[in-house]
Amino acid sequence: MTSHRLAWRAALSAAALAVGAPLALTASARWEDSHQVKVVVGLVWLLTSALIPAVTSKATQAGVVRYTLAATVWGAGTVLAGAYPAAHVGPFPAPHLAHALSLLGLAVVAVQQLRNARVAGDDQPLFVEAALMGTVLAATAWDGFARAGYSGDGWWTASASLVLVTGSFVAAATLVLAVEHPQLRRCSTGLAIGAFGTEVAAITATQQPLSSDVGILVAAAGAFALMLTQPHGGIVRHGGSAAARAVRRLRLAMVVPAMLLVVDVAAFVVAPRADGVMFVYIGGIVVAAAARQVATARAIDRTHDRLSFQALHDPLTGLQNRGALQAALIEPDTTQSLVILQVGGLDDVTDVLGVATGEEVLRAAGRNLREHVAQLGGSTFRVRHDEFAVLLPGRPEEVVRHLPAAFSAISAAPLQVPGAGRFPVEAVAGVACVQAGVRGKDASDAMVPLVQADLALRDARATARGNSAATGWSVYSGEVAAAHARRLLVRERLALAVAEGGVDVHFQPIVNFATGRVEKFEALARWDDRELGRVSPVEFIAVAEESNLVVALGEHVLRRAVGTAHAAGVFAAGVRLAVNVSVVQLQSPGFADVVREILAAYRIPPHLLTLELTESVFLDTDSPAERVVTELAGLGCQIAIDDFGTGYSAFGYLDRLPVHVLKIDRSLTQSLTGEGNGRSVVTAVVDLANRLGLTVVVEGVETDEEADICRSMRAGLGQGWLYSAAVTADRIAAELEREHPVSGGAVR
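Residues numbered from 1 in each chain as written. Predicted model: local features only at pLDDT ≥ 70, side-chain atom pairs only at ≥ 80, totals over all residues. Heavy atoms only, no water.

Trainee: What's the story with the overall build of the protein in this structure? I'm lost.
Mentor: Check the secondary structure of the protein and you find 29 helices and 16 strands. A burial count over the protein gives 47% of its 748 residues as buried. Summing over all exposed atoms, the protein offers an accessible surface of approximately 34700 Å²; the carbon and sulfur share of this is 59%. (Helix = DSSP H or I, 4+ residues; strand = E, 2+ residues; numbered from the N terminus. Buried < 20%, exposed > 50% of the residue type's maximum accessible area, 1.4 Å probe, protein only. Areas by Shrake-Rupley, 256 points an atom, 1.4 Å probe, with all protein chains shown as cover.)

Here's what the structure looks like:
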């Protein structure tokens, strides 16, 4: 224990002794005329109060002060009541006032517990519950003592009522605390016993001294029980189901004073007596009940407001939620535009910096967006994890001019969160019109603009993927609706085609620049549907990735390609086969086992199978996909990096990972014959690959000039229309026999 804590505990003990010393001298001087039991009990409690700071080392400072003051006040009041049993303070009996003073210490403890016991701010105060119960208990006690013959003049009645009201409130508080917090039942029982014992001691002091002494002994026993069982760490707060159970217990506890009141009324009916004081008590009960009703009504209003806010607001960002957006869309007063903004890049923040930081970035994005939209007279909502919705006045063609600023507000969010500034986030948006005067018949009608904006958002995402110069937003229109319908139909037909084996595989030759012979085929998926006709791979592969069909499609293409190539004699001729593999396939469980099983089924040497991957597989060090790639390379398969030179090209992983082939993207091939540094870039890449022992495949070779340039750079293999487009299975044998001409022209 620190010296500071020792000092204030010593000061408390000294203060208690300072109160007790003069009272002890007074009691000794009046020993013969005093109620000696009360004097002894009071002095014992004054001594106890001096010891409390030393023996309650685990309690909080506030708790020690509260216990010490309560014990000191109760002991002092008891000593005074015992030392002056027949004295008066003005017209009031001194014992009544002294016992009322002693009860104030217990009342302080009770009020403090009532204040701390309940956490839920919407519930009515426990003090109101205790006040109503205390009024009923005081009325019952008054009636009981009056019928037992304890009475006096008006001053006696007033002072006795003070004792009864104070003691009954303390007892009622203990009942409320016991039902609200079961762990307080034992100490609350002690507090109640102390209060009732003090009441008995006060009311019977002049007419039944023996009963008064018994009452004070009982009160002392209750006070000791309170001190021994009071939780040192304070009241344990609770909520949720525990709080709900406490409310039910409290309602049940109200039955106790209600039954006492019924007994009192019945007693007056059976044995009526003229007692104006009792009517005052009954009036107090009516006032307390009215106060409780008012407090209950206020608690209900606060609960309603809180629940309404929670129902219509997002807990993370504080923005309005999807329910609030639905309500806003039901009966729009003016023509508005609904904008759905999807935030991209949050996964990178969460994966590296954790969920908490990702949520901070999302909160900052929502705050920035709300401030921007508020200036435009609009409203902001959060509708999904990474999506915000905005309602702005005006038609879409007017609203889209505000979108660049909205994107900037979202992009600024990582800069406002410590450590997240190096992770860029961006947004795309879909816009739909909300017509004024359109009354939604039900919730589904009201959400039509949201569906339309979501379709426009999908269109914006698709456009952004295929065109780096895209604006980043799309406005819902008939074309967008038609494109969505097309995607749905393609997805439906593709799922059927994959299940039935309707997706075919064509094979494009990859030719050795030096010999003109075919050294490898790349398997390319092709799909002709009886309803849709020929569907572009760009279209159906994008749909497969969106609809989680890519794993099934990829496995189907792999099995079909290997089986067809085996049947056509590709592997028997020592020619390799390259098959594209997506990141999603690599992350799916058991992909390496599928490859192993296919190789074993056709007895194919693993080095004749090349798996072509995009560079995105290697962005995350030690990712599951990267581990699968390492496992596949361990089987003996070759690993090729497709479309090298675009996206996130980085040479670091070429040394770290088992890469065997680099495929130079067709965009770099096309730059070979143009102005600029395209040829220098390709030359550097080819030279690096040769130094690392990697095979180079140049994609998109379409002219003899491009082939001659690649040959002069010592690139190994070429692929493109100069040699052949992708061919069907029945033409594979002819391609194996074919020898493409090798130009010997000089290259400038």
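Trainee: I keep staring at the sheet that holds strand S3 (residues 336-344) and nothing clicks. Help me out?
Mentor: Hydrogen bonds between backbone groups are what pair the strands of a sheet, and the pairing can be parallel or antiparallel. Spatially, S4-S5-S3-S6-S7 is the arrangement adopted by the five strands of the open sheet, whose pairing is mixed. For this open sheet the edge positions go to strand S4 (379-384) and strand S7 (473-475), each flanked by a neighbour on one side alone. On average, each strand axis in the sheet is inclined to that of its neighbour by 20°, with strand direction left out of account. By the bridge criterion, nine bridges tie S3 to strand S6 (residues 426-434) in an arrangement that is antiparallel. Within the sheet, the bridge partner assigned to Gln342 lies in S6 and is Val428. The strands touched by helix H12 (residues 322-330) are S3, S4, strand S5 (387-393) and S6; relative to S4, the strand with the most contacts, the crossing angle is about 125°. Contacts from helix H16 (residues 403-411) reach S3, S6 and S7, with the element oriented near 140° to S6. (Pairing = 2+ DSSP bridges. Axes fitted to C-alpha atoms, helices over the stretch in contact; angles between N-to-C directions. Contact = heavy atoms within 4.5 Å.)

Trainee: What exactly am I supposed to notice about the environment of Glu705 here?
Mentor: Its location among the elements puts Glu705 in helix H28 (residues 704-712). Considering only alpha carbons, one finds Glu705 and Thr673, 32 residues apart in sequence, at a separation of 7.8 Å.

Trainee: Teacher, can you tell me more about the pattern of salt bridges here?
Mentor: Pairs may arise between side chains of opposite charge once their charged atoms sit close together. Overall, the coordinates contain 23 salt bridges when judged by the stated rule. For Arg384, the salt bridge is made with Asp454, and the minimal N-O distance between the two is 3.4 Å. Of this pair, Arg384 sits in strand S4 while Asp454 sits in helix H18 (residues 448-466), and the two are 70 residues apart along the sequence. We classify Asp454 as buried; its relative accessible area is 13%. In this structure, Arg596 and Glu631 form a salt bridge, with 3.2 Å as the shortest nitrogen-oxygen distance. Here Glu631 lies in helix H24 (residues 624-635) and Arg596 lies in helix H23 (residues 591-602), a separation of 35 residues in the sequence. (Salt bridge = Lys/Arg side-chain N within 4 Å of Asp/Glu carboxyl O.)

Trainee: Even after reading the chapter, I still don't get a nonpolar patch on the surface, so can you show me in this structure?
Mentor: On the surface, Trp31, Val40, Val44 and Phe224 cluster together into a nonpolar patch covering about 320 Å² of accessible area. Tracing the backbone through its elements, the reader meets Trp31 in the loop between helix H1 (3-29) and helix H2 (36-55). (Patch = residues over 30% accessible without salt bridge, like charges linked within 9 Å, V, L, I, M, F, W, Y side chains within 5 Å.)

Trainee: When you look at the pairing of S6 in this model, what are you seeing that I'm missing?
Mentor: Buried residues dominate S6, accounting for eight of its nine residues. Sheet topology note: the S6/S7 ladder contains three bridges and is parallel. By the bridge assignment for S7, Val431 is matched with Val475.

Trainee: Please explain the packing of helix H21 (residues 550-567) against H23 as it appears in this structure.
Mentor: Relative placement of two packed helices is described by the angle separating their axes and the distance separating the axes. Viewed as axis vectors pointing N to C, H21 and H23 meet at an angle of 15°, and their least axial separation amounts to 11 Å. Taken together, the axes of H21 and H23 lie roughly parallel to each other. For the pair H21 and H23, the sense of crossing is right-handed. The residues of H23 that touch H21, namely those facing Glu555, Leu558, Arg559, Val562, Gly563 and His566, are Phe591, Val594, Val595, Glu597, Ile598 and Tyr602. Residue composition of the contact of H21 with H23, by class: seven nonpolar, two polar and three charged. (Parallel < 35°, antiparallel > 145°, perpendicular 65-115°, else oblique. Left-handed = near helix turned anticlockwise from the far one by under 90°. Nonpolar A, V, L, I, M, F, W, Y, C, P; charged D, E, K, R; others polar.)

Trainee: Help me understand the packing of helix H7 (residues 185-203) against helix H8 (residues 209-229) in this model?
Mentor: Taken N-terminus to C-terminus, the directions of H7 and H8 make an angle of 160°; their axes are 7 Å apart at the nearest point. The angle between H7 and H8 falls in the class roughly antiparallel. Taken as a pair, H7 and H8 cross one another with a handedness that is left-handed. Between H7 and H8, the contacting residues are Arg186, Cys187, Gly190, Leu191, Ile193, Gly194, Gly197, Thr198, Val200 and Ala201 on the first element and Ser211, Ser212, Gly215, Ile216, Val218, Ala219, Gly222, Ala223, Ala225, Leu226 and Thr229 on the second. Grouping the amino acids of the contact of H7 with H8 by side-chain chemistry returns 11 nonpolar, nine polar and one charged.

Trainee: Would you mind showing me how to read empty space enclosed by the protein here?
Mentor: Applying the stated criterion across every chain, the model contains six cavities of 30 Å³ or more. Size it by volume and the largest cavity reaches roughly 70 Å³. As for the largest cavity, its lining consists of Trp45, Ala70, Ala71, Trp74, Leu106, Val109, Ala223, Leu226 and Met227. Counting residues per element, the ones that place at least two in the lining of the largest cavity are helix H3 (61-83), helix H4 (94-117) and H8. Classifying every residue of the lining of the largest cavity gives nine nonpolar, no polar and no charged. Looking at the second largest cavity, the residues that line it are Val339, Leu341, Leu369, His372, Val373, Leu376, Val390, Leu392, His402, Leu403 and Ala406. (1 Å grid on protein atoms, 1.4 Å probe; cavity = no way out; pocket = protein on both sides within 12 Å on 5 of 7 lines; lining within 4 Å. Points joined across faces, edges and corners; volume = space filled by probe spheres on them.)

Trainee: Looking at this model, I keep getting lost on helix H20 (residues 537-546). Mind explaining?
Mentor: In an α-helix, one turn spans 3.6 residues; hence positions three or four apart end up facing the same way. All buried positions along H20 are accounted for by Phe540, Val543 and Ala544. Each buried residue of H20 lies within a common arc of 105° when the element is viewed along its axis, so the set occupies one face. Contacts made by the buried residues of H20 are with helix H19 (478-500), strand S9 (518-529), strand S10 (533-535) and H21. One side-chain oxygen of the residue at the start of H20 lies 3.2 Å from the amide nitrogen of Val538, identifying that residue as Ser536. (Arc of directions from axis to C-beta. Polar contact = N/O pair within 3.5 Å; in protein donor to acceptor, adjacent residues only side chain to side chain.)

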